[in-house]
Amino acid sequence: HALGTRALVVAPFVWVATELGRTHLFTGFPWVLLGYSQVTAIPVAQFASVAGVYGLSALVAGVSAALAAAAPRLVHDRRPGMARGRGAPPARVVSGWSTRYAPVGLMALLVLGIGLWGSLRVRNGGLTRTGVAVRVGLVQGNIDQAVKYDPAHVLSIFGDYMRMTRQAIGEGAEFVLWPESSTPFYFEDDRGAADQVRLLAAQARVPILVGSDQVERPPVVVGRFDPAQRAPSRYYNSAFLVGANGRVAGVYRKMHLVPFGEYVPLKQVFFFAGHLVEAVSDFSAGDAAVLLPVQEHLVSTAICYEIVYPNLVRESVRGGSELLTTITNDAWFGETSAPYQHFQQASMRAIENGRYLVRSANTGISGVVDPYGRVLSASRLYEPAVLVGDARFLRTTTIYTRTGDVFAYASAILAAAALVAARRRVR
């Protein structure tokens, strides 16, 4: 209010500052930022390769701010009497065309420029012709949460995943992905089932990425018999890469856990909330963005909603990831818009980093997205599916990958400066 309509100039930066805060404060939850609204507008969405999803958020907010700045004047100019020349508004309201419509014109030119540049970038399509091709198989088990851990269904669930994996390999898959927590058992504990996966990978010479919970038990100390003195076991939501030789080539542990879904925040401080763990889960967070070796290349994986954290994925690419993978279980969302939102947010990571993205989801949507955000193949929700599609290992980097969220942090600084200026004006 203190800055008047001039505040609309900084509105896009203030908006981005709030989104940046939502990404980091209280463990963060950057779900459906404003910029994701443009992910299907492929030419405009290419701006994410420069400034990330935050840059697109600023663009959308900027268009809205320009329209808002012009709207009061448009309404004023259409008052009865003005069209007939009877009376004139105050000099401070009536101004030249440039004052009234310049913000809208400038934003229109900016959007048009970005759209034209984005169209040329997509048309050129250089990222689809470089790198090394790989045929990826995505397994979508469509397992109901109500029966997932029912002992009566364990064998049939595992049998379905093995059958679908063989189908993917039969269709030419050179790398197969299972969804998050796909095994109805701890992968490392059930040696019989794990051995079947390893044997299949070795026989077909195809690496398999398996989502499974992992338990890390404390070592048994000789001479100590009091279980109460032993350190507690730690549980992880993990992804195991079974290499083409049948051995586990790497394990990634989920780093961003879902509050009140996979752990209770600050339960050490708020001790009274500890019992909530019994109703949810008590996972520990991984501490490293482990890259997994596939065909002499490195790939990264994001488990579930980790994919909505732009910098987490970016750091993996900076570390050498040549292909983005994400595994998830969206069965919790039910028949809502959330599975579609989740998939589109994952697609934005492909544009930002100039990487193919492959996604295996328990109940969908599974699919392959190219480095320009175009969906090459996608499954339907709530049905078993085996998708086999083409991707590529890439090493070139985008401006966003190199610079990160510089634009977002600069926006936060500008927003803070505007707030200080407004407070001084009030005084």
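Please refer to the structure placed before this passage.
Source: prediction; values computed, not measured. (Residues numbered from 1 in each chain as written. Predicted model: local features only at pLDDT ≥ 70, side-chain atom pairs only at ≥ 80, totals over all residues. Heavy atoms only, no water.)

Draft legend 1. Spotlight on the overall build of the protein. Broken down by element type, the protein carries ten helices and twelve strands. Taking all 427 residues of the protein together, the buried fraction comes to 49%. Of all intrachain contacts in the protein linking residues separated by at least 6 positions in sequence, the fraction that spans at least 24 positions is 73%. Here the protein displays about 20,600 Å² of accessible surface, and carbon together with sulfur accounts for 61% of that area. (Helix = DSSP H or I, 4+ residues; strand = E, 2+ residues; numbered from the N terminus. Buried < 20%, exposed > 50% of the residue type's maximum accessible area, 1.4 Å probe, protein only. Contact = heavy atoms within 4.5 Å. Areas by Shrake-Rupley, 256 points an atom, 1.4 Å probe, with all protein chains shown as cover.)

Draft legend 2. Broad picture of the side chain of R359. Its place among the elements puts R359 in strand β9 (residues 357–361). Here the side chain of R359 touches D330 through a polar contact of 3.0 Å, side chain to side chain. Among the polar contacts made by the side chain of R359, one reaches the main-chain carbonyl oxygen of I365 at a distance of 2.5 Å. (Polar contact = N/O pair within 3.5 Å; in protein donor to acceptor, adjacent residues only side chain to side chain.)

Draft legend 3. Representation of the sheet that holds strand β10 (residues 367–369). Across the sheet, which stays open at both edges, the six strands sit in the order β6-β7-β8-β9-β10-β11 with mixed pairing between neighbours. Looking at the sheet topology across the chains shown, the edges are occupied by β6 (292–294) and β11 (375–378). Taken over all neighbouring pairs, the strand axes of this sheet differ in orientation by 25° on average, direction set aside. Here three bridges tie β6 to strand β7 (residues 297–303), and the two strands are oriented antiparallel to one another. Within β7, the residue paired with V294 across the bridge is H297. In the packing of helix α8 (residues 338–353) onto the sheet, the strands contacted are β8 (323–328), β9, β10 and β11, and the crossing angle to β9 comes to about 155°. (Pairing = 2+ DSSP bridges. Axes fitted to C-alpha atoms, helices over the stretch in contact; angles between N-to-C directions.)

Draft legend 4. Region of interest: helix α7 (residues 310–318). Buried within α7 are the following residues: P310, L312, V313, R314, S316 and V317. Of the residues one or two after α7, G320 is the one with positive phi, at around 125°.

Draft legend 5. The arrangement of α8 in detail. In this model α8 runs 23 Å from its N-terminal to its C-terminal C-alpha over 16 residues, within 8% of the 22 Å that 1.5 Å per residue would give. Burial runs high along α8: 13 of the 16 residues are buried. In the stretch just after α8, G354 is the one whose phi turns positive, near 60°. (Expected span 1.5 Å × (residues − 1).)

Draft legend 6. Expanded view of the nonpolar core. Core analysis: the largest hydrophobic core is formed by 46 residues, its most contacted members being F175, L177, L209, L323 and V358. Residue contacts for F175: discarding those within four places in its chain leaves V134, R135, V136, G137, V206, P207, L209, L241, V294, L323 and T325. (Core = buried A, V, L, I, M, F, W, Y, C linked by side-chain atoms within 4.5 Å.)

Draft legend 7. Highlighting the environment of T328. Counting through the fold element by element, T328 comes out in strand β8. Relative accessible area serves as the criterion here: at 0%, T328 is assigned to the buried category. Placed 147 residues apart in sequence, T328 and S181 show a C-alpha to C-alpha distance of 7.9 Å. Excluding its chain neighbours within four sequence positions, the residues that come into contact with T328 are P179, E180, C304, H342, R359, S360, A361 and N362.

Draft legend 8. Highlighting the packing of aromatic side chains. Enumeration over the complete set of coordinates arrives at ten aromatic pairs. Ring centres of F13 and F407 lie 6.4 Å apart, and the angle between their planes is 50°; on these two criteria the pair is classed as tilted. Taken together, the residues span a long stretch of sequence, with F13 in helix α1 (residues 7–24) and F407 in helix α10 (residues 406–426) at a distance of 394 residues. We classify F407 as partly exposed; its relative accessible area is 28%. Judged by centre distance (6.2 Å) and plane angle (35°), the ring pair of Y186 and Y235 falls under tilted. You can see Y186 sitting in the loop between β2 (175–177) and α6 (191–204) and its partner Y235 sitting in strand β4 (residues 234–242), a full 49 residues away along the chain. Residue Y186 is classed as partly exposed on the basis of its relative accessible area, which comes to 30%. Sitting above the plane of the Y236 ring, R253 keeps its charged end 3.8 Å from the centroid. (Phe/Tyr/Trp six-rings, centres within 6.5 Å; stacked < 30°, edge-to-face > 60°. Lys NZ or Arg CZ within 6 Å of the ring centre and 35° of its normal.)

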